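The residues making up each chain are set out below.
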Number of protein chains: 2
Amino acid sequence: MTTNFAQRIHNANYKFDPYVRSLMDTDFYKLLMAYFIWKHYPDVGVTFTVKNRTKAVKLPAIVPEAQLREQLDHVRSLRFTKSELIWLKGNSFYGQEGIFPGDFIAALADLQLPDYHLEIRDGEYHITFSGTWFEHTLWEIYALAVINEAKSRAAMADMSKYELTVLYANATSKLVAKLKALKEADVRGIAEFGTRRRHGFLWQEFVIEAMQEELGAGFIGTSNALHAMRMDLEAIGTNAHELPMTITALARLEGMQDGEKPSDRHSVFMSQYRVLEQWEQTFSGNLLVALPDTFGSTQFLQNAESCFPNIEHWTGFREDSKDPYIAAEEKIAFWKSLGVDPREKLQLFSDGLDHKLMIDLSNKFRDRIRCGFGWGTNATNDFRDCDPRGGTDLNPISLVCKVTEVKDLKTGGKVGAVKLSDNYTKATGPEEEIAYYREIFGAEGVADIPVEV
Amino acid sequence: MTTNFAQRIHNANYKFDPYVRSLMDTDFYKLLMAYFIWKHYPDVGVTFTVKNRTKAVKLPAIVPEAQLREQLDHVRSLRFTKSELIWLKGNSFYGQEGIFPGDFIAALADLQLPDYHLEIRDGEYHITFSGTWFEHTLWEIYALAVINEAKSRAAMADMSKYELTVLYANATSKLVAKLKALKEADVRGIAEFGTRRRHGFLWQEFVIEAMQEELGAGFIGTSNALHAMRMDLEAIGTNAHELPMTITALARLEGMQDGEKPSDRHSVFMSQYRVLEQWEQTFSGNLLVALPDTFGSTQFLQNAESCFPNIEHWTGFREDSKDPYIAAEEKIAFWKSLGVDPREKLQLFSDGLDHKLMIDLSNKFRDRIRCGFGWGTNATNDFRDCDPRGGTDLNPISLVCKVTEVKDLKTGGKVGAVKLSDNYTKATGPEEEIAYYREIFGAEGVADIPVEV
């Protein structure tokens, strides 16, 4: 065999491989939300802040600042390509064609990601993205994917070719064993949701390929728009906490501007339903999966029928912070209280899933409600016990990038954004704002659950 | 990345990849024995016969005859290359330089493997190699490696790229887990002995690389001359059953020629020691590892001191058919009976080893005798439970190639060759000859042990 010179040089250049290769390399729901934001909230500013919830890991000790900047700068150099925009415009999502109108596609064509702020403070990176919501919202996934892949590569930088071979063999075996267990248990409705926490772009691609191969009809698609496009899969996902968080913060901001009135609190409270109404209108009755836990699922459900009666026509709920067994029981009871058969409604689990939990949830609930699974970190970044040297540097960390501040660009007023969630550990926002929100939303059904990934 | 055209075409040509790539791609002890035979037995003819001891597997149903012939013919097209001969002549083996004299190297340079006989009989391949011992002895390893790799490739022929990825990931993980267990248990003296039973040439190469990486000082080398040369490792091995089998058969033949006398039986009996004497002289007191089980270890040891007193200077014994715990106890007692400290003597286990057995043997015996391990099939061909489709076609089979007939080329007389071994299941030879040998050697210490690999 003659030397493959191109391959050899390419390998030697490996460190310059971009971690994010396309602006499509993001969760599809970011594009849906970007459209929603672009259409309804052009004058809203936000700050997204990266937070490493795994305190034991200090990222600057692992990933050099220059490397991080190089990759973030690379993302800023990317543009949506012509063929990507054609796909977004021409493809049908969830059976619906023409989700994105031409002027939004034109806005994407013009998009360059804005600048970021990065500094090291108290031994940890402080990374923020501040400015117009539409432009800055997309940073979330790219930033997380970049940091996670930078961390992976750092952990592998001094591994020999042999060690890398064993590492990936172990990870492959581990992944496939999980998939075979899922298939064996006939778990259905599994989607790949691990872009932000992935080990790396190419590994995610392999994970999706493996899911396709092993799960058969149990696999329904990926949240990643680029992989969905390239591999001809369904792009999965609807919306995230940033919508109710920001829209509620806007209501809060309005109330703060001329002395608080009781109606302000009501407006804050109602925002969690208003966003659903607006979503429904935007997407003509499609993509109707609600995220009930932003300010606590229990209060959301208790008031849903009176505050947002149309909820009964929604496809279902996505769970992101509640004990999944309790959450599913709660939803089953909720649908029944509306006189709806829960078996026609989607229960999309998406919090800290792994194969055993999915199998158990599927076994327990599949005959009672339509189960779906958004499988993230443990699909695309489970290298635990795979390092041939026994190291733990490739273990995933709990890294998030959340809206922390919301600004009215017309008035200049700003306020901290809040998520309460169903888990005290996952609550985010300034303390005084959290307290204010708790007064409005209460804490019924909120628990203390350790966050692993 | 541009297309690697050479790689693509090479991959498309994969089926023409030779399974044996060099005449050096054999067990080193075949070369030692070839020299011994060339020097002392130029007028002896033998027949080697391939035997598949795994009755459940019928090879012609798996490997087409044309494919087998193509690969065997390819072996016939090979010659020792100049650099290979330089290495054989210039390298030191077991610390001794110049093991092979120039005229033997010249004989190797002239060597072309002679023709083979191949037919399908009763649903199984009948493959034999008949002619001068020196030329035909080398066929053994090439033939076995060819058949085993042909079987592996057949089992993988319809696997997708994904399935192959998972298959090799599983096999890699399995191998490395074994190696880590061996390292953890601090097992020493492990050599790779799996050429004849290997999954394939390149996999064997990887296995050796993995053993080097993982076992550290516990790894002592490989039996494969080509891998030893290329990877700068110690070539391990001394001699095999074919020597006592053939030399004893020659004594038997002589006795048959002019009516049997009691001295003929004595001559047959003494052949098992005569071969050691001759070996010792040939290699100037080096490479002294004896194989005691050809006609039963117990009788061999009982008579060794009186029939071959020099045994006390030998390095040790290789075990190939006896329960290894019993065998080791027997050797420890033997060395002690000679007044020799067993801790100075090598106990080389080489029968059906896997990591658990090696760990247990090492734990039990390493403080009492110097342990060594010739790890074969379960090192280079353990793909059990690795097939992503759950198939068993890649499981190893028990394939051997043994001397079945010995001929005096001067007189034309011939006789069946016999191995009794310490395991009734492993006895080979014509029934009446086995009976004759049993009368001479007895059956003390012989047991019935199922043969797995």
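One can find the structure itself at the top, above this paragraph.
What you see is a predicted model; the values in this text were computed from it and never measured.

Chemist: Before we go on, may I ask you to explain the overall build of chain A in this structure?
Modeler: Of regular secondary structure, chain A possesses 17 helices and 13 strands. Scaling as 2.2 N^0.38, a compact globule of 453 residues should have a C-alpha radius of gyration of about 22 Å, and chain A matches this with 22 Å. For chain A, the C-alpha atoms occupy an extent of roughly 75 × 50 × 45 Å along the three principal directions. Put simply, chain A has 453 residues, and 59% of those count as buried. Here the analysis covers contacts within chain A between residues at least 6 apart in sequence; of these, 78% occur between residues at least 24 apart. Carbon and sulfur atoms make up 50% of the accessible area of chain A, which totals about 17800 Å². Considering chain A, the positive charge centre built from 51 side chains and the negative charge centre built from 64 side chains are found 2 Å apart.

Chemist: How do you make sense of the sheet that holds strand 8 (residues 289-290) of chain A when you look at a structure like this?
Modeler: Whenever strands of a sheet pair, they do so through backbone hydrogen bonds, lying parallel or antiparallel. All names here are of chain A. Ordered by their spatial adjacency, six strands build an open sheet running 7-6-11-10-9-8, and the pairing between neighbours is parallel. The open sheet has two edge strands, strand 7 (219-222) and strand 8, and neither has a second partner. Where strand 6 (residues 190-192) meets strand 7, three bridges bridge the pair, whose relative direction is parallel. Its bridge partner being in strand 7, Ile190 is matched across the sheet by Phe219. Sitting on the sheet, helix 14 (residues 324-337) touches strand 9 (316-319) and strand 10 (346-349), and the angle it makes with strand 9 is about 165°.

Chemist: In this structure, what is going on with the pairing of strand 9 of chain A? I would like to understand it.
Modeler: On any regular strand, side chains alternate: one points to one face of the sheet, the next to the other face. All names here are of chain A. Of the strand pairs in this sheet, strand 8 and strand 9 are connected by two bridges, and their pairing is parallel. Bridge pairing in strand 9 places Val289 opposite Gly316. Once you follow strand 8 into helix 13 (residues 297-307) and on to strand 9, the crossover reads as right-handed. Strand direction decides the pairing type here: strand 9 and strand 10, joined by four bridges, are parallel. Along strand 10, the bridge assignment pairs Arg318 with Leu348. Remark: the strand 9/helix 14/strand 10 crossover connection has right-handed handedness.

Chemist: Is there a simple way to think about the pattern of salt bridges in this case?
Modeler: Pairs can form between side chains of opposite charge once their charged atoms are near each other. As enumerated under the stated definition, the model contains 56 salt bridges over all chains in all. In this structure, Arg69 of chain B and Glu65 of chain B form a salt bridge, with 2.9 Å as the shortest nitrogen-oxygen distance. With Arg69 of chain B and Glu65 of chain B both in helix 3 (residues 65-77) and four residues apart, this pair spans about one turn of that helix. On the basis of relative accessible area, Glu65 of chain B is assigned to the partly exposed category, the value being 29%. The partner of Asp354 of chain B in a salt bridge is Lys178 of chain B, and the shortest N-O contact between them spans 3.2 Å. Within this pair, whereas Asp354 of chain B is found in the loop between strand 10 (346-349) and helix 15 (355-365), its partner Lys178 of chain B is found in helix 8 (residues 161-184), the two being separated by 176 residues in sequence. Look at the salt bridges and you will find they share partners, linking Asp27, Lys30, Glu140, Arg196 and Glu242 of chain A into a network.

Chemist: Explain the sheet that holds strand 13 (residues 414-416) of chain A to me, please; I cannot follow it from the model alone.
Modeler: All names here are of chain A. The five strands are arranged 4-5-1-12-13 in an open sheet whose pairing can be described as antiparallel. Edge strands, defined here as strands with exactly one partner in the open sheet, are strand 4 (117-121) and strand 13. Going from strand to strand, the sheet's axes swing by 25° on average, the running direction of each strand aside. Across nine bridges, strand 1 (residues 44-52) lies against strand 12 (residues 399-408) in antiparallel orientation. By the bridge assignment, Thr49 is partnered in strand 12 with Lys402. Docked against the sheet, helix 7 (residues 139-156) engages strand 1, strand 5 (124-132) and strand 12, running at close to 150° with respect to strand 12. Here helix 11 (residues 242-257) sits on the sheet in contact with strand 1, strand 12 and strand 13, set at roughly 30° to strand 12.

Chemist: When you look at the side chain of Thr137 of chain A in this model, what are you seeing that I'm missing?
Modeler: All names here are of chain A. Within the fold, Thr137 resides in helix 6 (residues 133-137). In this structure the side chain of Thr137 is engaged in a polar contact, spanning 2.7 Å, whose partner is the side chain of Glu242. Look past the residues within four positions of Thr137 in its chain and what remains in contact with it is Lys30, Ala34, Ile37, Phe48 and Glu242.

Chemist: How should unusual backbone geometry be read in this particular structure?
Modeler: With a phi angle near 60°, Asp385 of chain A is a residue other than glycine that sits in the positive phi range. A relative accessible area of 75% means that Asp385 of chain A is categorised as exposed. A positive phi is found at Asp122 of chain B, a non-glycine position, where the angle reads about 50°. Topologically, Asp122 of chain B is positioned in the loop between strand 4 (117-121) and strand 5 (124-132).

Chemist: So what exactly am I meant to see when it comes to the environment of Tyr168 of chain B here?
Modeler: All names here are of chain B. Its location among the elements puts Tyr168 in helix 8. Apart from the residues within four sequence positions on either side, Tyr168 is in contact with Met156, His199, Trp203 and Phe383. Reaching out from Tyr168, the side chain makes a polar contact with the side chain of His199 at a distance of 2.7 Å.

Chemist: Mind showing me how you'd approach the packing of helix 11 of chain A against helix 12 (residues 262-282) of chain A here?
Modeler: Angle between the axes and distance between the axes are the two parameters that describe a pair of packed helices. Residue and element names in this part refer to chain A. At their nearest, the axes of helix 11 and helix 12 sit 8 Å apart, and the two run at 145° to each other. The handedness of the crossing between helix 11 and helix 12 is right-handed. Taken together, the residues of helix 12 that come into contact with helix 11 (itself represented by Leu243, Pro244, Ile247, Thr248, Ala251, Arg252 and Gly255) are Asp264, Ser267, Val268, Ser271, Gln272, Arg274, Val275, Gln278 and Trp279. Grouping the amino acids of the contact of helix 11 with helix 12 by side-chain chemistry returns seven nonpolar, six polar and three charged.

Chemist: Where do I start with helix 3 (residues 65-77) of chain A in this structure?
Modeler: Three- or four-residue spacings in an α-helix give side chains the same orientation, since the helix completes a turn every 3.6 residues. Residues and elements named next belong to chain A. Between its first and last C-alpha atoms helix 3 spans 18 Å; for 13 residues at 1.5 Å apiece the expected length is 18 Å, and the two agree. For helix 3, the complete set of buried residues consists of Gln67, Leu68, Gln71, Leu72 and Val75. Here the buried residues of helix 3 occupy an arc of 125° about the axis, which is enough to place them on one side. Among the structural elements, strand 4, strand 5 and helix 7 are those in contact with the buried residues of helix 3.

Chemist: Could you clarify how one ought to interpret the environment of Leu118 of chain B in this entry?
Modeler: Residue and element names in this part refer to chain B. Residue placement: Leu118 occurs in strand 4. Separated by 187 residues in the primary sequence, Leu118 and Glu305 place their C-alpha atoms 44 Å from one another. In contact with Leu118, not counting residues within four places along its chain, are Glu65, Leu68, Arg69, Leu72, Tyr125, His126 and Ile127.

Parameters and conventions
Residues numbered from 1 in each chain as written. Chains lettered and ligands numbered in written order. Predicted model: local features only at pLDDT ≥ 70, side-chain atom pairs only at ≥ 80, totals over all residues. Heavy atoms only, no water. Helix = DSSP H or I, 4+ residues; strand = E, 2+ residues; numbered from the N terminus. Rg over C-alpha atoms; globule rule 2.2 N^0.38 Å. Buried < 20%, exposed > 50% of the residue type's maximum accessible area, 1.4 Å probe, protein only. Contact = heavy atoms within 4.5 Å. Areas by Shrake-Rupley, 256 points an atom, 1.4 Å probe, with all protein chains shown as cover. Lys, Arg positive; Asp, Glu negative; His and termini not counted. Charge placed at Lys NZ, Arg CZ, Asp CG, Glu CD. Pairing = 2+ DSSP bridges. Axes fitted to C-alpha atoms, helices over the stretch in contact; angles between N-to-C directions. Right-handed = clockwise from strand over helix to strand, strands pointing away. Salt bridge = Lys/Arg side-chain N within 4 Å of Asp/Glu carboxyl O. Polar contact = N/O pair within 3.5 Å; in protein donor to acceptor, adjacent residues only side chain to side chain. Left-handed = near helix turned anticlockwise from the far one by under 90°. Nonpolar A, V, L, I, M, F, W, Y, C, P; charged D, E, K, R; others polar. Expected span 1.5 Å × (residues − 1). Arc of directions from axis to C-beta.

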